[in-house]
Amino acid sequence: MNASQIDILAIAAHRDDVELTCGGTLIKAVKLGRRTAVLDLTQGETGTRGSAELRAAEASRAAEVLGLSARENLGLPDAGITNTPETRAMLARVIRRFRPRVVIAPAARGRHPDHRLTAELVRDACFVAGLQKIEPGIPRHRPLKVVHCTTYREDFEKPTFVVDVSDEFEQKLAAVRCYSSQFEGAIQAGEVYPNGEPLLDIVRHQGAHYGSLIRARYGEPFFTTETMRVDDLAALEVSTF
Ligand SMILES: [Zn+2]
């Protein structure tokens, strides 16, 4: 495949993170004709369930369900992600190869230190990818925009926007279900706070909650540090009442 044609690159700490946080958004983007890719930073070798090999097979099945053009793994140490000149350069190389317009990053806060550090690392790497003197052998590219997934983060700011994934939600759950080593019988994963019900039910209820913020059945929330621009006030959606 031609990596230079990627529109949206989602970067996450662990395999299965993107499915849980922005899988519906990636599926919808493909339906809209966009080319999407995922970069997982670690191989999940310290996870309590499943091996790195099993998770690799699960991730490639999930990639097909999401309709990704590419999925790569950076091989950083699980539970040991750091934001250093070396890791920024590693990420910048991938960003320059894919040349995405938009990069999806994790939320800036979270229970798992890998998630918080990945959010910071992704932003810094996107900036560094635009610097001429870093890795001068590869043409520089700085993505236009970084958006942060805030799914499951109730301690975070109100989302800047929510993507309506009502028509994509069952396919998102199918992608999550590819990780049977992680989720079979599970009541907790990643940033999902357990409440006793099966994990997929929590994911569905959270999706319905975010959907309700835009008066839709299911949604996925995002935060941007930039303010969203509007041209036509009369075209605004989402009823106040
Ligand atoms: Zn994770």
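Given the structure is predicted, the values throughout are model-derived calculations rather than measurements. (Residues numbered from 1 in each chain as written. Predicted model: local features only at pLDDT ≥ 70, side-chain atom pairs only at ≥ 80, totals over all residues. Heavy atoms only, no water.)

Some thoughts on the overall build of the protein chain
Okay, so step 1: Scanning the protein chain for helices and strands turns up seven helices and seven strands.
Okay, so step 2: Taken along its principal axes, the extent of the C-alpha atoms in the protein chain is 55 × 50 × 35 Å.
Okay, so step 3: The buried share of the protein chain, reckoned over its 241 residues, is 50%.
Okay, so step 4: For the protein chain, restricting intrachain contacts to residue pairs at least 6 apart in sequence, the fraction spanning at least 24 positions comes to 80%.
Okay, so step 5: Put simply, the protein chain shows about 11,500 Å² of open surface, and 53% of that area lies on carbon and sulfur atoms.
Okay, so step 6: Within the protein chain, one finds 31 positive and 32 negative side-chain charges whose respective centroids are separated by 5 Å. (Helix = DSSP H or I, 4+ residues; strand = E, 2+ residues; numbered from the N terminus. Buried < 20%, exposed > 50% of the residue type's maximum accessible area, 1.4 Å probe, protein only. Contact = heavy atoms within 4.5 Å. Areas by Shrake-Rupley, 256 points an atom, 1.4 Å probe, with all protein chains shown as cover. Lys, Arg positive; Asp, Glu negative; His and termini not counted. Charge placed at Lys NZ, Arg CZ, Asp CG, Glu CD.)

Focus: the state of the cysteines
Okay, so step 1: Considering all chains together, one arrives at zero disulfides under this definition.
Okay, so step 2: Lacking any disulfide linkage, C126 is separated from the closest cysteine sulfur, that of C149, by 13 Å.
Okay, so step 3: Of the residues examined, C126 reaches a relative accessible area of 3% and is grouped as buried.
Okay, so step 4: Unpaired in terms of disulfides, C149 finds its nearest cysteine sulfur in C22, a separation of 3.9 Å. (Disulfide = S-S within 2.5 Å.)

Some remarks on the packing of helix α1 (residues 17-31) against helix α2 (residues 52-66)
Okay, so step 1: With their axes 9 Å apart at the nearest point, α1 and α2 run at an angle of 35 degrees to one another. Residues V18, E19, G23, L26, I27 and V30 of α1 touch α2, and the partners they reach there are A62, V65 and L66.
Okay, so step 2: Class assignment for the residues of the contact of α1 with α2 results in seven nonpolar, one polar and one charged. (Axes fitted to C-alpha atoms, helices over the stretch in contact; angles between N-to-C directions. Nonpolar A, V, L, I, M, F, W, Y, C, P; charged D, E, K, R; others polar.)

Comments concerning the side chain of H141
Okay, so step 1: Inspection of the secondary structure assignment puts H141 in the loop between α4 (113-128) and β5 (145-149).
Okay, so step 2: At 2.7 Å, the side chain of H141 forms a polar contact with the backbone oxygen of P100.
Okay, so step 3: If we ignore the near neighbours within four places in the chain, the residues touching H141 are I95, R96, R99, P100, C126, A129 and G130. (Polar contact = N/O pair within 3.5 Å; in protein donor to acceptor, adjacent residues only side chain to side chain.)

Let's talk about the coordination of the zinc ion
Okay, so step 1: Protein-derived coordination of the zinc ion comes from H14 (ND1), D17 (OD), D17 (OD) and H115 (NE2), at a distance range of 2.1 to 2.5 Å.
Okay, so step 2: Of note is the zinc ion, whose four donor atoms meet at the metal with angles of 56 to 123 degrees in an arrangement that counts as irregular.
Okay, so step 3: Spacing between the donor residues of the zinc ion along the chain follows H-x2-D-x97-H. Linking H14 in the loop between β1 (8-12) and α1 with H115 in helix α4, this pair joins segments that are 101 residues apart in sequence.
Okay, so step 4: According to the relative accessible area criterion, H115 is buried, its value standing at 6%. (Donors = N, O, S within 2.8 Å, 3.2 Å for Na, K, Ca; no water. Tetrahedral: all angles 85-135°; square planar, octahedral: opposite > 155°, others 65-115°.)

Some words on helix α5 (residues 169-177)
Okay, so step 1: The set of residues buried in α5 consists of F169, K172, L173, A175 and V176. Looking straight down α5, one finds that the buried residues subtend no more than 155 degrees of arc, so they occupy a single side.
Okay, so step 2: In the core, the buried residues of α5 are packed alongside α1, α2, α6 (180-183), α7 (199-213) and β7 (219-223). (Arc of directions from axis to C-beta.)

Digging into the packing of aromatic side chains
Okay, so step 1: Applying the stated criterion across every chain, the model contains three aromatic pairs.
Okay, so step 2: Between F169 and Y218 the ring centres are 4.0 Å apart and the planes differ by 10 degrees, which places this aromatic pair in the stacked class. With F169 in helix α5 and Y218 in the loop between α7 and β7, this pair connects stretches of sequence that are 49 residues apart. Residues F169 and Y218 agree in their burial class; the two are buried.
Okay, so step 3: Stacked on the ring of F98, the Lys or Arg R97 has its end atom at 5.4 Å from the ring centre.
Okay, so step 4: The ring of F127 has R142 lying over it, and the distance from NZ or CZ to the ring centre is 4.0 Å. (Phe/Tyr/Trp six-rings, centres within 6.5 Å; stacked < 30°, edge-to-face > 60°. Lys NZ or Arg CZ within 6 Å of the ring centre and 35° of its normal.)

Structural notes on the sheet that holds β5
Within a beta sheet, neighbouring strands are joined by backbone hydrogen bonds and run either parallel or antiparallel to one another.
Okay, so step 1: Spatially, β3-β2-β1-β4-β5-β7-β6 is the arrangement adopted by the seven strands of the open sheet, whose pairing is mixed. Unpaired on one side and paired on the other, β3 (70-76) and β6 (161-164) mark the two borders of the sheet. Here the strands of the sheet are splayed against their neighbours by 30 degrees on average, with no regard to which way each runs.
Okay, so step 2: Of the strands in this sheet, β1, β2 (36-42) and β3 are in contact with helix α3 (residues 85-98), which crosses β3 at around 170 degrees. (Pairing = 2+ DSSP bridges.)

It is worth stressing that arrangement in space is one thing and function is another; only the former is reported here.
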